[in-house]
Amino acid sequence: MTDLVIDAHGLSRCAWGASTPDYAAYHDGEWGRPLRGDDALYERMTLEAFQSGLSWLTILRKRPAFRLAFDEFRIEAVAGYGEADVTRLLADAGIVRNRAKIEATIANARAALDLPDGLSALLWSFAPPPRAARPETFTQVPALTPESTAMAKALKKRGFRFVGPTTSYALMQATGMVDDHLVGCHVSAAEPA
């Protein structure tokens, strides 16, 4: 597989974003576009944590069920979950049923409520300055950076779970804190979704 592919409409796209219709829609409409807002970023943080060890395609396809199961990722609602909710979520075949990740999702909502300036402000404070140019190949795209390492450390210090440096970098990519679309990709990541 080459790093860029041309689709049937003549659009050049990062190769991973052309492998399935689900990936194409996500690549073109969301990935790498600046996203702000506490609940919106909490959703992405949660989905990145659930993805750990799994295919992102699995998470994308289960995303509607995740939204239903976790009250549309409203931080205040999820922070109020108790053991009955954990039991309910463990029985929900529409989501990834992993107790540690479910409990982390609840703990992360509670930690987010304790942030004086909100989750969005904290996460975006780690966004690096924009690159001079997009990467030319995926070999130039890191798995983690000093900024994602610092983000993970700051989140863990505040009680967040499942937020290591690699997951934090994936979150930065997904929410437009960094632009890892390749040179030649038709997506303009500078525009919000």
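Look up: the structure comes first, before these words.
Reading guide: rules and limits
Residues numbered from 1 in each chain as written. Predicted model: local features only at pLDDT ≥ 70, side-chain atom pairs only at ≥ 80, totals over all residues. Heavy atoms only, no water. Salt bridge = Lys/Arg side-chain N within 4 Å of Asp/Glu carboxyl O. Helix = DSSP H or I, 4+ residues; strand = E, 2+ residues; numbered from the N terminus. Contact = heavy atoms within 4.5 Å. Disulfide = S-S within 2.5 Å. Buried < 20%, exposed > 50% of the residue type's maximum accessible area, 1.4 Å probe, protein only. Core = buried A, V, L, I, M, F, W, Y, C linked by side-chain atoms within 4.5 Å. Phe/Tyr/Trp six-rings, centres within 6.5 Å; stacked < 30°, edge-to-face > 60°. Lys NZ or Arg CZ within 6 Å of the ring centre and 35° of its normal. Axes fitted to C-alpha atoms, helices over the stretch in contact; angles between N-to-C directions. Parallel < 35°, antiparallel > 145°, perpendicular 65-115°, else oblique. Left-handed = near helix turned anticlockwise from the far one by under 90°. Nonpolar A, V, L, I, M, F, W, Y, C, P; charged D, E, K, R; others polar.

1. Some points on the pattern of salt bridges
Taken as a whole, this structure holds 13 salt bridges when the rule is applied. Among the ionic pairs, R74 bridges to D71, the shortest N-O distance being 3.7 Å. Overlapping salt bridges bring together E30, E43, R44, R63 and R67 as one network.

2. Here we look at the side chain of H27
With respect to the helices, strands and loops of the structure, H27 is situated in helix α1 (residues 21-29). Once residues lying within four places of it in the same chain are set aside, the contact partners of H27 are R13, C14, W16, G17, H181, C185 and V187.

3. Some points on the state of the cysteines
Applying the stated criterion across every chain, the model contains zero disulfides. No disulfide involves C14; its sulfur sits 3.9 Å from the nearest other cysteine sulfur, which is in C185. Assessed through its relative accessible area of 8%, C185 is described here as buried.

4. Some remarks on the nonpolar core
Ranked by internal contacts, the top residues of the largest apolar core, which has 47 residues, are F66, F70, L119, L123, L155 and F160. It is helix α3 (residues 56-69) that contributes the most residues to this core, six residues altogether. Discounting residues that sit within four places of it in the chain, L155 has contacts with M45, L119, L122, L123, F160, V163 and S168.

5. Concerning the packing of aromatic side chains
Applying the stated criterion across every chain, the model contains ten aromatic pairs. Taking the centre distance of 6.3 Å and the plane angle of 55° together, the rings of W16 and Y26 count as tilted. One end of the pair, W16, is in the loop between β2 (12-14) and α1; the other, Y26, is in helix α1, and ten residues separate them in sequence. Given a relative accessible area of 3%, Y26 falls into the buried group. Aromatic side chains Y42 and F73 sit 6.1 Å apart centroid to centroid with 70° between the ring planes, which places their arrangement in the edge-to-face category. With Y42 in helix α2 (residues 38-51) and F73 in the loop between α3 and α4 (75-79), this pair connects stretches of sequence that are 31 residues apart. Here the two residues Y42 and F73 agree in accessibility, since each one is buried. Just above the ring of W124 sits the side chain of R36; from NZ or CZ to the centre is 3.8 Å.

6. Focus on the environment of A84
Secondary-structure assignment places A84 in helix α5 (residues 83-90). By relative accessible area, which is 62% here, A84 ends up exposed. Counting along the chain gives 62 residues from A84 to P146, while the straight-line C-alpha distance between them is 39 Å.

7. Here we look at unusual backbone geometry
Phi is positive for D71, close to 50°, though the residue is something other than glycine. Even without being a glycine, F162 presents a positive backbone phi close to 55°. Note that F162 resides in the loop between α8 (146-157) and α9 (165-174). Overall, the relative accessible area of 33% leaves F162 in the partly exposed class.

8. Let's talk about the packing of α2 against α9
Closest axis-to-axis distance for the α2/α9 pair is 9 Å, and the angle between their directions is 135°. For the element pair α2 / α9, the angle class is oblique. Crossing hand, α2 versus α9: right-handed. Contacts between α2 and α9 involve L41, R44, M45, E48 and A49 from the first element and T167, A170, L171 and A174 from the second. Its residues assigned to classes, the contact of α2 with α9 comprises six nonpolar, one polar and two charged.

None of the figures reported here should be taken as evidence of function without further support.
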